[in-house]
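# Fold and contact review
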Amino acid sequence: MSTLSTADRMALIERNTAEVMGRDDLLTLLGTSTPIRHYIGFEISGKVHLGSGLVAMGKVRDFLDAGVDCHILLADWHTWINDKLGGDRDLIRRIATGYFTEAMKASLLAVGADPVRVHFVLGTDLYANNLDYWSTVIEVSRNTTLSRMLRSISILGREQSDSVDFAKLVYPAMQAADIFAQGINLAHAGTEQRKAHVIARDVATKIRTNRLTDLDGHTVKPAAVHHPLLLGLRKPPVWPLPEDVDPAALKMSKSDPSSAVFVHDDPDTIRRRVAKAFCPPGETRFNPVLNWFQQLVFGLGGAPVRVDRSQASGGPVTFDTYEDLAGAYGRGDLHPGDAKNALTAWLIDYLEPARGHFATPRVAAMLEEIESALSTRR
């Protein structure tokens, strides 16, 4: 049980988030002795980039500090449904419990959290050990319209107009059922997963199996925390960017290595990727380098930030807040090259614990396995 006040716990939970859905419900639970159970689920679809590794695990660190019981769902069934890793279920499970678990542990180490305090749950095991799981999937489906499921398949990175097999329509219902089957009252994901959490909140009082309750037996709706998405490093397909563009469409992608940095990347790879990053002078509305400063450096507690510039460029300068750094960049007082160099140095230093974790032969072999699997499916 946390010794922090309800206000302090809530401040940790909602720090650096885009949205806390059901905030009042969560505040009520925090004011009782009901344990707060969290989960975030991941498809096992590739190597772990900084969005999943640092942004998401940075929030898990906050939850742990707030006395929350944290779980990571290794979503092997969802990976299979979404046609990842060639639909090879044995490979998916092996990568899930091997490389992916170790990559998340490495990420937790990088953000300063203790991986031992986080529970890793394989989807296959959850479903096998919960006899009511599939009846919960049906109950969620019975209380959700077909048109809504069709709108929700964007969760998979697909659009309603795409030609999809019927299994993909089950995906959002399974995501909601995952919450109830685990007894989760604090769901967590990036903003692109919002639709599944809306479904879970909407059906929470209607289902009969795996109903979510507080310690007094009252039915409750799960709260949901959404962290912002980390931008990819590449230039957008259309530039200048239209005013109505959806930032989620420009998020970092593990399928495009040039747009991402992975948690175990070596210093030279980090230098090369950041050096090539899209970073137009004076541009603050859409700038991946500034976005990484905001979400990673300042978001994870890296302030103040020192930028070592030549005397001709003004000499070394220190920024205490992201607003100060972005303001200097927008005025032209901070050169793109200097910003990239400072970001690169921070990333190399911050990711050292993750690289150290993957330096052990056992874990290094797991990285080699997924790289081999990905190379044969390109």
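One structure accompanies this document, and this report is about it. This one's a predicted model, so the numbers in the text were calculated from it and none came from an experiment. (Residues numbered from 1 in each chain as written. Predicted model: local features only at pLDDT ≥ 70, side-chain atom pairs only at ≥ 80, totals over all residues. Heavy atoms only, no water.)

## Some details on the nonpolar core
Judged by nonpolar contacts, the single largest core of 121 residues is most densely connected at Leu50, Met57, Tyr99, Trp292, Phe293 and Leu296. A total of eleven residues in this core trace back to one element, the largest contributor, which is helix H5 (residues 89-110). Setting aside chain neighbours within four positions, we find Met57 in contact with Ile40, Phe42, Ser52, Ile72, Met104, Ser107, Leu108 and Val111. Counting residues in each nonpolar core, the second largest holds five residues, with Leu231, Leu241, Leu250 and Phe278 among its members. (Core = buried A, V, L, I, M, F, W, Y, C linked by side-chain atoms within 4.5 Å. Buried < 20%, exposed > 50% of the residue type's maximum accessible area, 1.4 Å probe, protein only. Helix = DSSP H or I, 4+ residues; strand = E, 2+ residues; numbered from the N terminus. Contact = heavy atoms within 4.5 Å.)

## Description of the sheet that holds strand E6 (residues 223-227)
The strand order across the open sheet formed by six strands is E1-E6-E5-E2-E3-E4, and the pairing between neighbours is mixed. Only two strands of the sheet have a single neighbouring strand rather than two, namely strand E1 (19-21) and strand E4 (118-122). In this sheet, neighbouring strand axes are inclined to one another by 25° on average, regardless of whether the strands run parallel or antiparallel. Against the sheet, helix H10 (residues 194-203) makes contact with E1, strand E5 (186-190) and E6, and its axis sits at roughly 20° relative to E1, the strand it touches most. (Pairing = 2+ DSSP bridges. Axes fitted to C-alpha atoms, helices over the stretch in contact; angles between N-to-C directions.)

## A short note on helix H2 (residues 23-30)
Note on helix geometry: an α-helix contains 3.6 residues per turn, so any two residues three or four positions apart are oriented the same way. Restricting attention to buried positions, one finds in H2 the residues Leu26, Leu29 and Leu30. The arc that holds the buried residues of H2, viewed along the axis, is 100°, so those residues lie on one side. More than 90 degrees from the buried face of H2, the exposed residues found are Asp24 and Thr28. In this fold, the buried residues of H2 make contact with helix H1 (6-14), E1, E5 and E6. (Arc of directions from axis to C-beta.)

## Some points on unusual backbone geometry
The peptide bond linking Trp239 to Pro240 adopts the cis configuration, its omega dihedral lying at 5°. Relative to the assigned elements, Pro240 resides in the loop between E6 and helix H11 (267-275). Look at the link from Ala303 to Pro304: it is a cis peptide, with omega at -5°. Turning to its location among the elements, Pro304 is positioned in the loop between helix H12 (288-298) and strand E7 (305-307).

## Topic: the pairing of strand E2 (residues 37-43)
Counting buried residues along E2, five of its seven residues qualify, which places the element largely inside the surrounding structure. Here E2 pairs with strand E3 (residues 69-75) via seven bridges, running parallel. From the neighbouring strand, Ile40 faces E3, where its bridge partner is Ile72. In this view, the connection linking E2 to its parallel neighbour E3 by way of helix H3 (residues 50-65) has right-handed handedness. The pairing of E2 with E5 spans two bridges and is classified as parallel. Bridge pairing in E5 places Tyr39 opposite Ala187. (Right-handed = clockwise from strand over helix to strand, strands pointing away.)

## Section: the packing of helix H9 (residues 167-181) against H10
Close contact between H9 and H10 brings their axes to 9 Å; oriented N to C, the two are set at 60°. Put simply, H9 runs oblique to H10. Between H9 and H10 the crossing geometry is right-handed. On H10, the residues touching Pro172, Gln175, Ala176, Ile179 and Phe180 of H9 are Ala196, His197, Ile199, Ala200 and Val203. Of the residues contributing to the contact of H9 with H10, the split by class is eight nonpolar, two polar and no charged. (Parallel < 35°, antiparallel > 145°, perpendicular 65-115°, else oblique. Left-handed = near helix turned anticlockwise from the far one by under 90°. Nonpolar A, V, L, I, M, F, W, Y, C, P; charged D, E, K, R; others polar.)

## Let's talk about the environment of Leu290
Inspection of the secondary structure assignment puts Leu290 in helix H12. Leu290 gets classed as buried once you look at its relative accessible area, which sits at 0%. Counting along the chain gives 53 residues from Leu290 to Pro237, while the straight-line C-alpha distance between them is 19 Å. Apart from residues no more than four positions distant in its own chain, Leu290 is found in contact with Glu283, Thr284, Tyr322, Leu325 and Tyr329.

## As for the packing of aromatic side chains
Per the counting criterion, the structure on display carries 13 aromatic pairs. For the pair Trp77 and Tyr127, a centre-to-centre distance of 5.9 Å together with 80° between the ring planes defines the contact as edge-to-face. In this pair, Trp77 sits in helix H4 (residues 76-81) while Tyr127 sits in helix H6 (residues 123-128), placing the two residues 50 residues apart along the sequence. By relative accessible area, Trp77 is classed as partly exposed at 21%. Grouping aromatic residues by their ring pairs yields a cluster made of Trp77, Trp80, Tyr127, Tyr133 and Trp134. Between Lys47 and the ring centre of Phe262, over which it is positioned, the NZ or CZ distance is 4.7 Å. Positioned above the aromatic ring of Trp77, the side-chain terminus of Arg89 is 4.8 Å from the ring centre. (Phe/Tyr/Trp six-rings, centres within 6.5 Å; stacked < 30°, edge-to-face > 60°. Lys NZ or Arg CZ within 6 Å of the ring centre and 35° of its normal.)

## A few points about H9
For H9, with 15 residues, the first-to-last C-alpha span of 20 Å sits near the 21 Å given by 1.5 Å per residue. In terms of residue burial, H9 counts as a mostly covered element, since 13 of its 15 residues are buried. Within two residues after H9, Gly183 carries a phi angle of roughly 65°, on the positive side. (Expected span 1.5 Å × (residues − 1).)

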